[in-house]
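# Coordinates in review
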Amino acid sequence: MGEMNVVLVCEDDHDMHVGPLLKALVHVPSVRIVSKVGHGVDLAGRKEFSEARHVSSLEVALQDKSVEAVIVSSVSGKLMDTLKKCIDKKKHVVYMPSYCEEIELMHKRAANKKVYLFCLFPLEHDEAVQQLIHALSDGVEDEHGSSDNDIGGGVRLIRLTGRLGGVPGVAVDEEKSKDVLRGWTAACLHLAGVLVGAGVTASGESATSAASAINVDESDVAVCTSSVCVGPTDCDVGHAMSLHAKFEQGAMVVCETASGSSYGTDFRVEVVGNNGSMLSLANVTSGSVCLHRPVAVRHCIRRLSYEERFVGAYAKGFRAFVRKVRDEESEDGARFSCGMGVKALMMSAKATNKKLSFSVPTLPRTQPPVGVLSGQAVGVCVCGAGRMGQIRARALNSLPNVKVVCFIDAAADKMQHVSAEFGCAVLGDDQLAGALANAAVQVVVVCTTSAAHHKIIMAALNAKKHVFCEKPVALSLKHTLECCKLACTSGLALYTGFQRRSDLHFMRTKELLGAHTVQQIRVTSREPNGHNDKAYLLSSGGFLYDSVIHDIDLARFYAEEEPVEVYCAGHAFDGELGRAGDIDCVALLLRFKSGVIASIDNHRHANYGYDQRVEMFTDEGAVMPGNESVSLAQQWTESGAFSEPPRPGMVRYREAYTDGVQHFLNVLMGLDEEGEFRVTPEDAVFGAAIADAAKLSLKKGKVVTLERAPV
C-alpha cells in the first residue's frame, strides 16, 4: 500500500514520548517522516530520519500535499491548537496521551471532517497488558489451549501502579512534571476502564469497546496529589498522585502514579474478580543475577526506563494507526481517546473542591504510665475467653511475674477447657464488677466483641486498672474519646491492640525507611471469605471500624503525622452486608500535611488468601514487605510455576499478637527496651476520627478535611 508520509511535531527536547516514538518508527517502515516542526529533537544526526527536513511552522508543513498524517509528540498547552490545525487541513493525526479537558470535542471535530484522530495509548498496545486483557475476557489458557476464567466473570477491585523512571527533564522541571503526570495518570485511568470492561465482556467481544459503556459518577472519584519533592503543599500536581474511582457496577479503582521513580519505570496491575481471585501483572525487568552476602541478598535487576519498557507498544500502536487509516475504518472514540481518564481527572478536581469538615478532638497531655508496675507481681483479668483471649493469655503467662488471675466470658459455662489450661476461673459477665474489685488484678485485657469494649474499658478504668484492648476501643469517636480521656486524666494506660505495629516485617520496613522522604504509602489488606463468619461481620461495627482501622493506623505509623484530608469510596458486593448498611470493598485516600498521600484498599472476599502488604514510595526508591506464604515450596511444570498462597491471618500475626501484649506489660513494668508504648490513646482517638470521617465521606461522596479541636 506504500509509505505513509507524516509530519513530526515536537516542541521539547525532553518530551517523554519522542524517544520511544522514534525508536518505534524504525520498526514501522510504512511510516516515513518527511518533515519536522518544533524545537525538540534534531533528526539530522539520525540516519533513519536523515531525509526529514526541518520546517519553520506547522502551517508550512501542512501545505505539503504528500503528507497524509501528523504525529504530535508534545503534551504542552499547544496540543489543542495543533490538533485543530491538522484536522482543518484534513490530515490524520496521532497524538500522545495528555490531560486536555476539550479532547473529546476535538475527536468530534475530526469525525465531522472525516479524518482519523488517534491517541497512541502505549499501555493498551503493550503485549503484557494485552495478555492481561485476554485473561480477563477469555480466561487463562493452560498448556493444552483450554481456558478457565478464574476471576468469576467480573471485576471488583483494580490496583494500578504507574511510576515513571528515566523520563528526561522531569526531575528538574516542575511544570514538565505536572504535564507528564496528568497525561500519564489519564492514560492509566483509561486502562482501568478497559480492564473493567474486559472483566464484564463476554468472550469474543472487544473489551475496549465495552469500556465506553462504563461510567464514573462525579461523587465517586477523588484525587490526592503530592508535592513533597517540588515545593509547597498547595501545588496542584507534584511528583506523585493517587486517585480512587468507583465504576457504576461497583468496581473500585486505586490508581497510583509518580513522575520521578529513581529505580526505573514501575508498572504493575492487580485485578480482583467477582469470585475473589486475582490476576496480576508484574514489572518487566532486565537481568536476573543475585548477589548473596551475609548482610543481605542483592537482586541485581534493573527496572527499565519508560522508553525501554514501552517502545514495542509504540510500534504496535503506529501499525494499528496505519491499518485504521488505510482500511478507512470508522473511529472508535472510546478506544482511541483518553476521554475516560481525562473525565475522571476533571471530576476528581471538582470533587476535591467540594469538601466537608470534621473536627478531631485533642487529648490532654499527660505523662504515660511507664514503669508504674515495676517490681510488682502483676495479675491480669482477661475479658473474652475465645480464640484471641487465649492467645493473649498464653503470651502473658509466659512473662515472669505476670499471671492471668481470671477470665470473664458470656459463655463461661462452656469454657471448662480454658479453666483447665490456665488454672483459673472463667467467670460470667455478671461477675465483672467482682473481678475488677480484686486487689490481685492490676491489668485488664479486653478480647470480647467490639460492641462490649466501651462498657468494659470504662468499668476497668474507673476501677483503676490499666487496660489492653483489641481494636477498636469503641464503635464511635464519642465513646473512644470518653475512654481515652479517662485513661489520660487517671494516669492509667489504655493500649489498643494494633498488632501490625508489633509485626516483625512492618517494624523492619519502618527501620529501612530511615531518613528517606516518603511520597506515597499504599496499604493492601484483603481477607478470604472464611476469615470471619457472617454473624461476626454483622455485629462488628462495620468494615471501617472492624478492619480498615488497622490500615488507617498503619498509614499513620509510617507517615509519622496526621492526615488533613480523607476520601472514602466503597461498595457492598455481599447483598446481606449491603442491606445491613455495611460494605465489603473499600478504597480510602489520606492526604497528610507534608504532602504525603496514602491509599488503602481493603476487600472482604479475596479467595486467594490473606493478603497483607504495604509499600512506601520515597525519594530514593521503594520499601515494601510482601506476604508470608504458607510455605516457600514452589513447583515448576509445563502449565507454569506454582507457589503457596499467603498464610491465614491468625498464623500470619501469631508472633505479633504475642509480642504486642508482652510489650504492653513490659512497658508498665519498666522492662521494655523501647521505653514507651507503641500505641497511645492519641492513636486510638485519631484512628476513630478518621474512620468516622471516612463514613461521612462514603455517605456524602465528598472529601472531608480534618481539623484539630480541644477536648
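We now turn to the structure provided with this report.

Conventions adopted
- Residues numbered from 1 in each chain as written.
- Predicted model: local features only at pLDDT ≥ 70, side-chain atom pairs only at ≥ 80, totals over all residues.
- Heavy atoms only, no water.
- Pairing = 2+ DSSP bridges.
- Helix = DSSP H or I, 4+ residues; strand = E, 2+ residues; numbered from the N terminus.
- Axes fitted to C-alpha atoms, helices over the stretch in contact; angles between N-to-C directions.
- Disulfide = S-S within 2.5 Å.
- Buried < 20%, exposed > 50% of the residue type's maximum accessible area, 1.4 Å probe, protein only.
- Salt bridge = Lys/Arg side-chain N within 4 Å of Asp/Glu carboxyl O.
- Phe/Tyr/Trp six-rings, centres within 6.5 Å; stacked < 30°, edge-to-face > 60°.

Attention now moves to the sheet that holds strand β1 (residues 4-9). Paired through their backbone hydrogen bonds, the strands of a sheet run either parallel or antiparallel. One open sheet holds the 6 strands; their spatial order is β3-β2-β1-β4-β5-β6, and the pairing between them is parallel. Each edge of the open sheet carries a strand with a single partner, namely β3 (53-55) and β6 (117-119). Neighbour-to-neighbour, the strand axes of this sheet turn through a mean angle of 25°, independent of strand direction. Relative to strand β5 (residues 92-95), strand β4 (residues 69-72) runs parallel, the two being bridged by 4 bridges. The residue bridging valine 70 from the neighbouring strand is valine 93, located in β5.

Before going further, it helps to spend a moment on the environment of leucine 544. Locating leucine 544 in the fold gives a position in helix α19 (residues 543-559). In this structure, the C-alpha to C-alpha distance between leucine 544 and alanine 694, residues 150 residues apart in sequence, is 7.8 Å.

What follows concerns the state of the cysteines. Within this structure, the stated rule accounts for 0 disulfides. Cysteine cysteine 188 remains unbridged, with the sulfur of cysteine 255 as its closest cysteine sulfur at 4.9 Å.

Judged by how many residues are buried, β1 sits mostly within the fold: 6 of 6 residues are covered. Burial along β1 is two-sided: Met4, Val6 and Leu8 and Asn5, Val7 and Val9, pointing in opposite directions, are all buried. With 6 bridges joining them, β1 and strand β2 (residues 31-37) adopt parallel strand pairing. Bridge pairing in β2 links valine 6 to isoleucine 33. Bridging between β1 and β4 involves 4 bridges; their strand directions are parallel. Looking across to β4, one finds that valine 7 is bridged to valine 70.

This brings us to the pattern of salt bridges. Within this structure, the stated rule accounts for 44 salt bridges. A salt bridge links glutamate 270 to arginine 613; the shortest N-O distance between them is 2.6 Å. Remark: arginine 613 occurs in strand β28 (residues 611-618) and glutamate 270 occurs in strand β13 (residues 266-273); sequence separation between them is 343 residues. For the pair formed by glutamate 270 and arginine 613, the shared burial category is buried. For glutamate 560, the salt bridge is made with lysine 510, and the minimal N-O distance between the two is 3.3 Å. Taken together, the residues span a long stretch of sequence, with glutamate 560 in the loop between α19 and β25 (563-571) and lysine 510 in helix α17 (residues 504-513) at a distance of 50 residues. For glutamate 560, a relative accessible area of 63% translates into the label exposed. We classify lysine 510 as partly exposed; its relative accessible area is 21%. Several salt bridges converge on common partners, so that one network encompasses Arg159, Arg163, Glu256, Asp266, Arg268, Glu270, Arg522, Arg526, Asp601, Asp611, Arg613 and Glu615.

Moving on to the packing of aromatic side chains. Applying the stated criterion across every chain, the model contains 19 aromatic pairs. On the numbers, 6.2 Å between centres and 85° between planes, the contact of tyrosine 306 with tyrosine 314 is edge-to-face. Taking relative accessible area as the criterion, tyrosine 314 reaches 0% and is therefore assigned buried. Considering the side-chain rings of phenylalanine 468 and tyrosine 495, the 5.4 Å spacing of their centres and the 15° angle between planes classify their relative orientation as stacked. Separated by 27 residues along the polypeptide, phenylalanine 468 in strand β22 (residues 466-469) and tyrosine 495 in strand β23 (residues 494-496) bring together distant segments of the chain. Taking relative accessible area as the criterion, phenylalanine 468 reaches 1% and is therefore assigned buried.

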